[in-house]
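Tertiary structure, described
Residues per chain are reported as follows:
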Amino acid sequence: MTAVVAVIGGGIAGCATAAFLAEAGAAVTLYEREAIAAGASGRNSGVVQHPMDPVLEPLHETSLELYAGLGHGFALPAEPSGILVVAHDAAPLSADFTALQARFPVLAPEWLEGTALRAAEPTLAAGVCAYRLATGRPVPPAAATRAWAERARAAGARVVEGEAAVLARRDGRVEGVRAGGRLEPADAVVVAAGPWTGAAIGARPEWRPVIALWGVVAQVRLAAPPGHTVEQAGVESLTQPGGGPASLFSIVTVGGASAVGSTFTPEEPDAEAIAPQLVERGAGFVPALRGAAIERVRSCARPLPADGRPLLGPVAGIQGLHLATGHGAWGISLGPGSARLVAEGVLGGSVTIPPELAAARFGAPWSD
Ligand SMILES: Cc1cc2nc3c(=O)[nH]c(=O)nc-3n(C[C@H](O)[C@H](O)[C@H](O)COP(=O)(O)OP(=O)(O)OC[C@H]3O[C@@H](n4cnc5c(N)ncnc54)[C@H](O)[C@@H]3O)c2cc1C
């Protein structure tokens, strides 16, 4: 019998899950309250990179393989352009570098200074220290999500844009979703609604394992942009519970457009006011940014998980409800790998979701 599956959320997690489900023969409807890639999946910095967490590494590797065969106009650069992790202060950066060498030799960490650094990346300011990691493939911010949505459509999924959906449940199992005032019955529901996942399943207010961590990105065009993706050290601490400073510099260039980021705040920021500050601060690392005209500003919310890792698969206390969310700062880098795991689980495959990633670790979302 054909499984009927509703997916809530048209970001990368929802679109890729819908594609895998439809390709496996399920009758899939995806509901997106605005438009495909309206959230973080269309407004991010656009780099597919290693997540610096051994538990997440397999999701990244699978995602790279899946991107290579994605099609629908999506082109993943064959080789990483490299990420330069930068700081003004050498001592903490050097400690960070030594730790990474031991933990992730696969990233071939390479300390660069003096003339070697200037030769590798001439756009950096004097006095900036850096190490290089063999990861980081820049892609246009919405490209992957749109391609997954197209792939879902091509496999027969119905994609409904401009309609919010919420979970409908009864007697410990899903009934389907409520959308546009109707009950749309489904055997299984996958919720991939980013930071709005708790609301989409009608969870009690205290059950919020995924919250919003807002970010602003300013897009500029430089005559000679950095050849690497450049990231100020510290992003891992920012996207963990407890957080860190409210802003860290990054610059990612695709097709001549450079995305300069980014902020990390629980409240939605005043993006237009913040964007010039990001570019000005960035000039301390890449002097060509000084006075650069901003051609676009993007603001969106990362789905920040309470313990730093995604929530995948079945939810405790109910049959037929699955999550694909909580990718924080790494959703473009991990989303397809997660989506495939979730889709296999929905269709009853013999898939094992690592306990550190299982959505059920946060308990039942309701008290009844
Ligand atoms: C500034 C910034 C830069 C980033 N840069 C990178 C990067 O370079 N590389 C990387 O890997 N990651 C990056 N990320 C993280 C990445 O963008 C996210 O992890 C990823 O996009 C999350 O995807 P998602 O599908 O889970 O959520 P979202 O993209 O938020 O999608 C959820 C969707 O659900 C919809 N929705 C919500 N409620 C409902 C409802 N009730 N009914 C229907 N639809 C609903 C929303 O409208 C939204 O479109 C960045 C994030 C930010 C903020």
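Refer to the structure printed above.
These notes cover the structure that comes with them. (Residues numbered from 1 in each chain as written. Predicted model: local features only at pLDDT ≥ 70, side-chain atom pairs only at ≥ 80, totals over all residues. Heavy atoms only, no water.)

1. Details of helix 3 (residues 57-68)
For the record, the criterion: Comment: elements are numbered from the N terminus, with helices defined as DSSP H or I runs of at least four residues and strands as E runs of at least two. In this analysis, the expected span of each helix is defined as 1.5 Å times one less than the number of residues it contains. Three exposure classes are used, based on accessible area relative to the maximum for each residue type with a 1.4 Å probe and protein chains only: buried under 20%, partly exposed in between, and exposed over 50%. Any two residues whose heavy atoms approach within 4.5 Å at even a single point are treated as in contact.
For helix 3, spanning twelve residues, the distance from its first C-alpha to its last is 17 Å, which sits close to the expected 16 Å at 1.5 Å a residue. By the burial criterion, the buried members of helix 3 are Glu 57, Leu 59, His 60, Thr 62, Ser 63, Leu 66 and Tyr 67. Each element contacted by the buried residues of helix 3 is listed here: helix 1 (12-23), strand 3 (47-48), helix 6 (143-154), strand 18 (311-314) and helix 10 (331-346).

2. With respect to the site of the ligand
Operational definition: We call a residue near a molecule or strand when any one of its heavy atoms sits within 4 Å of it. Two N or O atoms count as a polar contact when they lie within 3.5 Å, although within protein this holds only if one can serve as hydrogen donor and the other as acceptor, and sequence-adjacent residues are included solely when both atoms are side-chain atoms. Values of accessible area rely on a 1.4 Å probe in the Shrake-Rupley scheme; residue burial ignores everything except the protein chains shown.
Lining the immediate surroundings of the ligand are 37 residues, of which Glu 32, Ser 41, Val 47, Gly 328 and Ser 333 lie closest. Here an oxygen atom of the ligand sits 3.3 Å away from a polar atom, N or O, in the main chain of Ala 40. The contact in question runs from an oxygen atom of the ligand to an N or O atom on the backbone of Gly 46, over 3.2 Å. Compared with its free state, where it exposes 1,000 Å², the ligand has 97% of that area covered by protein. Looking at the shell around the ligand, the elements that each hand over two or more residues are helix 1, strand 2 (27-32), helix 2 (40-43), strand 13 (210-220), strand 17 (294-305) and helix 10.

3. Here's the deal with the sheet that holds strand 16 (residues 257-263)
Test applied: When DSSP finds at least two bridges between two strands, those strands are taken to pair. Between N-to-C directions, angles span 0 to 180 degrees; the directions come from axes that are lines fitted to C-alpha atoms, helices contributing only their stretch in contact.
Ordered in space as 5-6-4-14-15-16-13-17, the eight strands form an open sheet in which the pairing is mixed. With one partner strand each, in any of the chains shown, strand 5 (110-112) and strand 17 form the two edges of the open sheet. Across the sheet, the mean angle from the axis of one strand to that of its neighbour is 25°, orientation sign disregarded. As judged from the eleven bridges shared by strand 13 and strand 17, these two strands associate in the antiparallel manner. Residue pairing across strands places Gln 219 opposite Arg 296, the latter belonging to strand 17. Across the sheet, helix 9 (residues 271-282) is in contact with strand 13, strand 15 (247-254), strand 16 and strand 17; its angle to strand 13 comes to roughly 65°.

4. A look at helix 6
Note that an α-helix has 3.6 residues per turn; residues three or four places apart therefore point the same way. With twelve residues, helix 6 should reach 16 Å at 1.5 Å per residue; the first-to-last C-alpha distance of 16 Å fits that figure. Within helix 6 the residues assigned to the buried category are Ala 144, Thr 145, Ala 147, Trp 148, Ala 149, Arg 151 and Ala 152. For helix 6, the secondary structure elements touched by its buried residues are helix 1, helix 2, helix 3 and helix 10. Where helix 6 terminates, the next one or two residues include Gly 156, which has phi positive at roughly 105°.

5. Looking at the state of the cysteines
Keep this limit in mind: When two cysteine sulfur atoms lie within 2.5 Å, the pair is treated as a disulfide.
Applying the stated criterion across every chain, the model contains zero disulfides. Note on Cys 15: no disulfide assigned, nearest cysteine sulfur contributed by Cys 300 at a separation of 15 Å. Judged by relative accessible area, which is 1%, Cys 15 ranks as buried. For Cys 300, a relative accessible area of 9% puts it in the buried group.

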